[in-house]
Amino acid sequence: MVGHGDVIRGLDDGWDESLSPWRMTERDDSWYGRGVADNKGQHSINIGAIQAVLETRGKLGFNAKYLIEMGEERIPPGLRELAVTHKKPAILPNLGASLPNDTFSETLELPTIWVPHSYPGCSQHAPNEHLPLFTAREGLALMAGLYWHLDEPGVPVGRQTT
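These notes cover the structure that comes with them. Sequence order sets the numbering: in each chain, residues are counted from 1 along the sequence as written. Thresholds applied to this predicted model are a pLDDT of at least 70 for local features of residues and 80 or more for the giving and counting of side-chain atom pairs; totals over whole chains, interfaces and linings are not thresholded and use all residues. Excluding hydrogens and water, the side-chain values take into account all heavy atoms of the structure.

## Digging into the overall build of the protein chain
Our working definition: Here a helix means four or more residues in a row that DSSP labels H or I, a strand means two or more in a row labelled E, and each is numbered from the N terminus. Between buried and exposed lies partly exposed: a residue is buried under 20% and exposed over 50% of the maximum accessible area for its type, with that area taken using a 1.4 Å probe on protein chains only. Each accessible area is a Shrake-Rupley result for a 1.4 Å probe, and residues are judged covered by the shown protein chains and nothing else.
What the protein chain contains, in helices and strands, is four helices and seven strands. Its helices and strands in sequence order give the protein chain the pattern β-β-β-α-β-α-β-α-β-β-α, from N to C terminus. Here the protein chain holds 162 residues, and 41% of them are scored as buried. Surface summary for the protein chain: the accessible area is close to 9,000 Å², and the carbon and sulfur share equals 56%.

Right under this line is the structure:
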């Protein structure tokens, strides 16, 4: 799993009076806070999905690595080398906002599943950034289902690089 941590300004003065970029607030069926739509909400969804599978089944059924990079939507230094020197994954969940999907699918030749995480009005990288709770719930259900089924027979096996 791959994601990034935001490294841009909080723009404190632009937020509504009852909101802060530095505090997550639930209001109007959305989470508000710096990075909640890009990418802290996605980390929470991924971790929650893994937790749901572990609590239900007691195991994931596959090996997992979680990479959080700080390249702010650029190919981070060393990612290409990491991709070619390690066993390629059977699938790489990309929950959006991390890097453009073609970075993984075309540049690094990794099989991916793209799960959208937000919508144009979420104010990503701007004051009042938010993630609607229905979007978070859908992402959690999709990712938990994906992680659950990765343990089933017939799931593609990753290729070993030479």
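## Thoughts on the packing of aromatic side chains
Our working definition: A pair of aromatic rings is counted whenever rings of Phe, Tyr or Trp (Trp by its six-membered ring) have centres within 6.5 Å, and the orientation is called stacked for planes under 30 degrees apart, edge-to-face for over 60 and tilted otherwise. Whether a charge sits over a ring depends on NZ of Lys or CZ of Arg being within 6 Å of the ring centre and within 35 degrees of the ring normal.
Applying the stated criterion across every chain yields a total of one aromatic pair. Ring centres 6.3 Å apart and planes at 35° place the aromatic pair Phe62 and Tyr147 in the tilted group. Placement of Phe62 in the loop between helix H1 (40–57) and strand S4 (67–69) and of Tyr147 in helix H4 (residues 133–149) is noted, with a sequence separation of 85 residues between them. On the accessibility criterion, Phe62 (23% relative accessible area) is partly exposed. The ring of Tyr32 carries the charged tip of Arg27 above its face, separated from the ring centre by 5.2 Å. The aromatic ring of Trp148 is capped on one face by Arg57, whose charged end is 4.1 Å from the ring centroid.

## Description of unusual backbone geometry
You will see that Asp28, though not glycine, has its phi angle at about 50°, which is positive. Note on placement: Asp28 falls in the loop between strand S2 (25–27) and strand S3 (30–32). Assessed through its relative accessible area of 60%, Asp28 is described here as exposed. One non-glycine residue, Ser123, lies in positive phi territory at about 60°. Along the chain, Ser123 turns up in the loop between strand S6 (112–114) and strand S7 (130–132).

## What to know about the sheet that holds S7
Note the threshold: Here the rule is simple: two strands pair whenever DSSP picks up at least two bridges between them. All axes here are fitted lines through C-alpha atoms, helices being fitted over the stretch that makes contact, and every angle between N-to-C directions spans 0 to 180 degrees.
Within the open sheet, the three strands sit side by side as S2-S3-S7. Their pairing is antiparallel. Two strands in the sheet have a free side with no partner beyond their single neighbour: S2 and S7. Sheet twist, expressed as the average angle between the axes of neighbouring strands with direction ignored, equals 25°. When S3 meets S7, the two strands line up antiparallel, connected through three bridges.

## Things to note about the packing of H1 against H4
Counted only if it meets this: Any angle from 65 to 115 degrees is called roughly perpendicular, while one under 35 is roughly parallel, one over 145 is roughly antiparallel, and all others are oblique. The handedness criterion is simple: a crossing whose near helix is rotated anticlockwise from the far helix by less than a right angle is left-handed, and one whose near helix is rotated clockwise is right-handed. Two residues form a contact once any of their heavy atoms are found within 4.5 Å. Residues are grouped as follows: Ala, Val, Leu, Ile, Met, Phe, Trp, Tyr, Cys and Pro are nonpolar; Asp, Glu, Lys and Arg are charged; all remaining types, including Gly, are polar.
The geometry of H1 relative to H4 is characterised by a closest axis approach of 8 Å and an angle of 50° between their N-to-C directions. As judged from the angle between their axes, H1 and H4 are oblique. In terms of crossing hand, the pair formed by H1 and H4 is right-handed. Taking contact as the criterion, the partners of Ile45, Asn46, Gly48, Ala49, Ile50, Val53, Thr56 and Arg57 in H1 are, on H4, Ala136, Gly139, Leu140, Met143, Ala144, Tyr147 and Trp148. Residue composition of the contact of H1 with H4, grouped by class: 10 nonpolar, four polar and one charged.

## With respect to the nonpolar core
Under the convention used in this document: For the purposes of this section, nonpolar cores are sets of buried Ala, Val, Leu, Ile, Met, Phe, Trp, Tyr and Cys residues that join through side-chain atoms within 4.5 Å.
Core analysis: the biggest nonpolar cluster contains 14 residues, and Ile45, Ala49, Ile50, Leu131, Met143, Leu146 and Tyr147 have the highest contact counts within it. Broken down by secondary-structure element, the contributors of at least two residues to this core are H1 and H4.

## Structural notes on the environment of Ala37
With respect to the secondary-structure elements, Ala37 resides in the loop between S3 and H1. Between the alpha carbons of Ala37 and Gln124 there is a distance of 6.0 Å; along the sequence they are 87 residues apart.

## Quick look at the pattern of salt bridges
Short version of the rule: Basic side-chain nitrogens of Lys or Arg form a salt bridge, by our definition, when they fall within 4 Å of a carboxyl oxygen of Asp or Glu.
In total, this model carries three salt bridges according to the counting rule given. Between Asp16 and Arg27 there is a salt bridge, with its nearest N and O atoms 3.3 Å apart. Placement of the pair is Asp16 in the loop between strand S1 (2–4) and S2 and Arg27 in strand S2, with a sequence separation of 11 residues. Taking relative accessible area as the criterion, Arg27 reaches 25% and is therefore assigned partly exposed. Taken together, the salt bridges that share partners define one network made up of Asp16, Arg27 and Asp28.

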